Each structure stands twice: as structure tokens, then as C-alpha cells.
Amino acid sequence: MSVAYLNGTFLPLAEARISPMDRGFLFADGIYEVIPVYSGTPFRLDEHLTRLERSLAEIQLPAPLARADWPALIDTLISKNGGGNLSLYLQITRGTAAVRDHAFPPPGTPPTVFAMVSPMSAPAADSPDTTPGVAAITVQDIRWLRCDIKSVSLLPNILMRQQAVGAGAAEAIMLRDGHASEGAASNLFIVQHGTVITPPKDQWILGGITRDLVLELCAEHNVPHQEGPVSEAALRGADEIWITSSTREIVPVVTLDGQPLGDGRPGPVWHRVARLYVDFKRRLCGL
Ligand code: PDD
């Protein structure tokens with residue numbers, strides 16, 4: 001049975017309870033992280049905790065734990081669930097107030113801290129020679145102006161992802177003012193004439209941990225790369241398109257809006273970077 005963490009207690013997930021007055025439930029007033037775990041080791045934990053603290057600061061929610069206390073909580077949760085390959089979800093909301101009021105609850109209201117794990121399936125990058133790649137569609141980016149905050153308020157992302165699923169695609173790539181921003185739950189990369197390009201970290205995208213690692217690996221291994229705007233025309237004319245996230249790692253997109261990209265198979269630059277990613281992951285997690 002899956003073990004969860006809720007406000008200081010480890011307990012079976014099925015027994016975890018929160019109040020309907022929780023501001024996460026009423027207002028989606030909270031933030032989250034998704035941390036991949038390989039062979040029991042959380043991957044890029046420091047980077048995830050830095051982003052968690054940034055999200056908390058941006059929504060003016062005091063951190064419920066000191067930075068140094070998160071790793072022990074996370075390690076305990078992993079070991080209580082038997083280790084292995086997991087996706088660890090961590091959510092913090094502004095807690096439970098007596099009345100429903102948009103304004104913040106009284107200072108000192110304890111935040112709700114919740115964490116759980118779920119099994120993680122083998123990502124595409126683990127088998128670069130056999131992965132077929134995925135289909136994606138384009139949608140208008142219908143989100144707010146602070147996409148850089150990892151907020152649990154995900155209704156636009158849900159609607160866009162469901163549109164993709166309805167079209168038989170794995171991801172919706174968002175367009176705003178003639179530029180591609182990111183996927184409904186992933187960052188976006190294109191390859192143009194051998195150069196890997198990803199939109200810059202600004203208010204229109206979530207600064208992905210996987211995205212940063214891909215850029216680091218490109219820099220370290222002399223793969224030409226740049227952070228810069230990706231126009232809709234550049235997206236449609238790209239030699240390769242990838243999406244990245246903590247749970248999916250690097251996934252090659254092989255059709256966009258039903259049109260095959262190139263020969264409809266994962267491209268050579270994806271193969272190279274996927275191998276670099278898997279090697280890095282294996283080294284780091286002692287696999
Ligand atoms: N989502 N952009 C958005 C909108 C996302 O929701 C995510 C991840 C990313 C990629 O970030 P990272 O590489 O740090 O996972 C980019 C997670 C996986 C989720 O919501 O489940």
C-alpha cells in the first residue's frame with residue numbers, strides 16, 4: 001500500500017484526509033513539485049527544492065520546513081514505499097481557514113504539506129533505439145501571466161492536455177502571440193539546422209529542471225544550443241521537436257497536428273542528447 005506524508009505524519013495514502021476548507025481545495029492556493037526518484041535516489045533534489053522555495057516565495061507563503069529538513073522527509077517517504085523508480089509529488093497549500101475568503105488567512109495559519117509517490121514507467125530516453133516518439137498538437141496558450149510559478153492551479157493545462165488526448169496525441173504545445181511556449185506539462189525544445197533551441201525562462205513558461213539539465217548536457221558535450229524565442233513558423237519547420245519533464249525525461253515528437261516531422265522518426269540530435277541524459281542519470285544514481 002502506498003504511504004503518504006501529511007502534516008508531519010506518514011500514513012497510508014487511502015487514509016490521508018484534508019478539510020474541504022483547505023485553500024488548496026477551495027482556491028488552488030498552493031504550489032507543488034514532482035521529483036523523479038531512480039533506484040530510491042531523488043534526482044536533482046537540490047534544484048527541485050530551490051524551485052519549491054521560489055514558488056513559495058512568489059506566492060508569499062512562508063516555507064513550512066527549513067531547507068535542510070526536506071531531504072530527510074523525502075528519503076523517509078521513499079524508503080517507506082520501498083524505493084525503486086518513483087515519481088514523488090509534493091504539494092504545499094496555504095492551509096485551512098475558518099471562512100472562505102480570498103484574502104490570506106491570519107498569519108500563523110499552518111500550511112498543508114502533502115507528499116505521495118507513484119510508480120514511474122520507463123522513459124523514452126531509456127531505449128533510444130526503439131522509442132517510436134509521440135504525437136503532439138498545438139493549442140492556444142490560455143494560461144495566466146505567471147506560468148513561472150509551479151502552481152497547483154492547472155485547469156488550463158488540464159483542458160489543453162485533454163484536447164491532446166482527444167486528438168490521439170501525447171502533448172499539447174502552446175502558442176501565444178505567434179510563439180511556442182511549452183507543453184501542457186512539459187518544456188519545449190526544437191532542433192533547427194543542428195542547433196537545439198528552447199524558449200527562455202520568463203513568465204510564460206515553467207523553468208523546468210529537466211530543461212536546465214538538457215541545456216547543461218548540451219553545453220558540456222558541445223551540442224550547439226541556445227535559449228531564444230521559438231516562433232510558430234520555426235516550430236512547424238523544425239527538424240526535430242522534443243518535450244521534457246521530470247516524469248517523461250526527453251521525448252521526441254514525431255508528428256505535429258497530424259503532420260510528420262521529417263521522416264516521422266526520432267531525429268539524430270535527440271538520439272545523442274537522450275544518450276547523454278541516460279548516462280548522466282545512471283552515473284548520478286549509481287545505476
Ligand atoms: N510538470 N512546464 C510545465 C507546465 C510543467 O507542468 C512541467 C512539469 C514542466 C517540466 O518541468 P520539470 O522538468 O521540472 O518536470 C514544464 C510535472 C511533471 C507535472 O505537473 O506533473
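Residues numbered from 1 in each chain as written. Predicted model: local features only at pLDDT ≥ 70, side-chain atom pairs only at ≥ 80, totals over all residues. Heavy atoms only, no water.

1. As for the site of the ligand
Note the following rule: The near set for a molecule or strand comprises every residue that places at least one heavy atom within 4 Å of it. By the criterion applied in these results, polar contacts are pairs of N or O atoms within 3.5 Å in which, for protein atoms, one can donate a hydrogen and the other can accept it, and in which residues neighboring in sequence qualify only through two side-chain atoms. Where accessible areas are quoted, they stem from the Shrake-Rupley method and a 1.4 Å probe; at the residue level, only the protein chains shown are allowed to cover.
Around the ligand, the surrounding shell holds 19 residues, and the nearest of these are Tyr32, Arg51, Glu182, Thr210 and Ser246. For the ligand, a nitrogen atom lies 2.6 Å from a polar atom in the side chain of Glu182. Ile209 is positioned with one of its backbone polar atoms (N or O) 2.8 Å from an oxygen atom of the ligand. About the coverage of the ligand: the protein hides 89% of its 480 Å² of free accessible area.

2. Digging into the nonpolar core
Formally: Take the buried residues of types Ala, Val, Leu, Ile, Met, Phe, Trp, Tyr and Cys, join any two whose side-chain atoms come within 4.5 Å, and each joined set is a nonpolar core. Only protein chains enter the accessibility calculation, which uses a 1.4 Å probe. A residue is then buried if its area is under 20% of the maximum for its type, exposed if over 50%, and partly exposed in between. Elements are defined by DSSP. Helices are runs of H or I of four residues or more, strands are runs of E of two residues or more, and each kind is numbered from the N terminus. Domain boundaries shown here were taken from an automatic or database domain assignment.
Among the nonpolar cores identified, the biggest contains 42 residues, and Leu235, Ile241 and Trp242 are the most heavily contacted of them. Secondary structure elements with two or more residues in this core: β8 (171-176), β10 (187-192), β11 (195-198), α5 (209-220), α6 (232-236), β14 (240-245), β15 (249-256) and α7 (268-284). Per element, the largest residue contribution to this core is eight residues, and it comes from α7. Counting only domains with at least three residues in this core, you end up with domain 1 (3-120) and domain 2 (125-285). Counting 24 residues, the second largest nonpolar core, distinct from the first, contains Ile35, Leu52, Leu73 and Leu88.

3. Examining the packing of aromatic side chains
What counts, and what does not: For Phe, Tyr and Trp, rings pair up if their centres lie within 6.5 Å, where Trp contributes its six-membered ring, and each pair is then called stacked (planes under 30 degrees apart), edge-to-face (over 60) or tilted (otherwise).
One pass over the full model with this rule turns up six aromatic pairs. Residues Tyr38 and Phe43 carry aromatic rings whose centres are separated by 5.3 Å and whose planes lie at 75° to one another, so their mutual orientation is edge-to-face. Classification of Tyr38 by relative accessible area gives buried; the value is 3%. Owing to a relative accessible area of 2%, Phe43 belongs among the buried residues under this scheme. When the ring of Phe43 is compared with that of Phe280, the centres are 6.1 Å apart and the planes differ by 75°; the resulting orientation is edge-to-face. One end of the pair, Phe43, is in the loop between β4 (41-42) and α2 (45-58); the other, Phe280, is in helix α7, and 237 residues separate them in sequence. Grouped by ring-pair contacts, the aromatic residues Tyr38, Phe43, Tyr277 and Phe280 constitute a single cluster.

4. Section: the sheet that holds strand β1 (residues 3-6)
Worth spelling out the cut-off: The rule for pairing is simple: two strands pair if DSSP sees at least two bridges between them. Contacts are residue-level and defined by heavy atoms, with any inter-residue pair within 4.5 Å sufficient. Interaxial angles span 0 to 180 degrees and are taken between N-to-C directions of axes, which are lines fitted to C-alpha atoms, for helices over the stretch in contact.
The six strands are arranged β2-β1-β6-β5-β3-β4 in an open sheet whose pairing can be described as antiparallel. Edge positions in the sheet fall to β2 (9-12) and β4, since each of these pairs with one other strand and no more. Pairing between β1 and β2: four bridges, direction antiparallel. Residue pairing in the sheet places Tyr5 in a bridge with Phe10 of β2. In the packing of helix α3 (residues 70-80) onto the sheet, contacts are made with β1, β2, β3 (30-38), β4, β5 (86-93) and β6 (112-119), and the angle to β5 comes to roughly 130°.

5. What to know about the domain arrangement of the chain
Our working rule: Throughout, buried area stands for the accessible area (probe radius 1.4 Å) lost by two parts on being put together, summed over both. Each reported salt bridge corresponds to a side-chain nitrogen of Lys or Arg within 4 Å of a carboxyl oxygen of Asp or Glu.
When cut into domains, the chain gives domain 1 (3-120) and domain 2 (125-285). On a C-alpha basis, the centres of domain 1 and domain 2 stand 26 Å from each other. Across the interface of domain 1 and domain 2, roughly 2,000 Å² is buried in total on both sides, 62% from carbon and sulfur atoms. Counting the contacts that link domain 1 with domain 2 gives three salt bridges. Between Asp148 and Arg54 there is a salt bridge, and its shortest N-O distance comes to 2.9 Å. Applying the counting criterion to the domain 1 and domain 2 interface returns eight residue pairs in polar contact (both at pLDDT 80 or more). Secondary structure elements with two or more residues in the side of domain 1 that touches domain 2: β3, α2 and β5. Sorting elements by how many residues they give to the side of domain 1 that touches domain 2 places β3 first, with seven residues.

6. Overview of the environment of Arg161
For Arg161, the location among the structural elements is in helix α4 (residues 155-166). Residues Arg161 and Ala122 lie 39 residues apart in sequence; the distance between their C-alpha atoms is 21 Å. Not counting chain neighbours up to four residues away, the residues in contact with Arg161 comprise Ala170, Glu171, Ala172, Ala184, Ala185 and Arg248.

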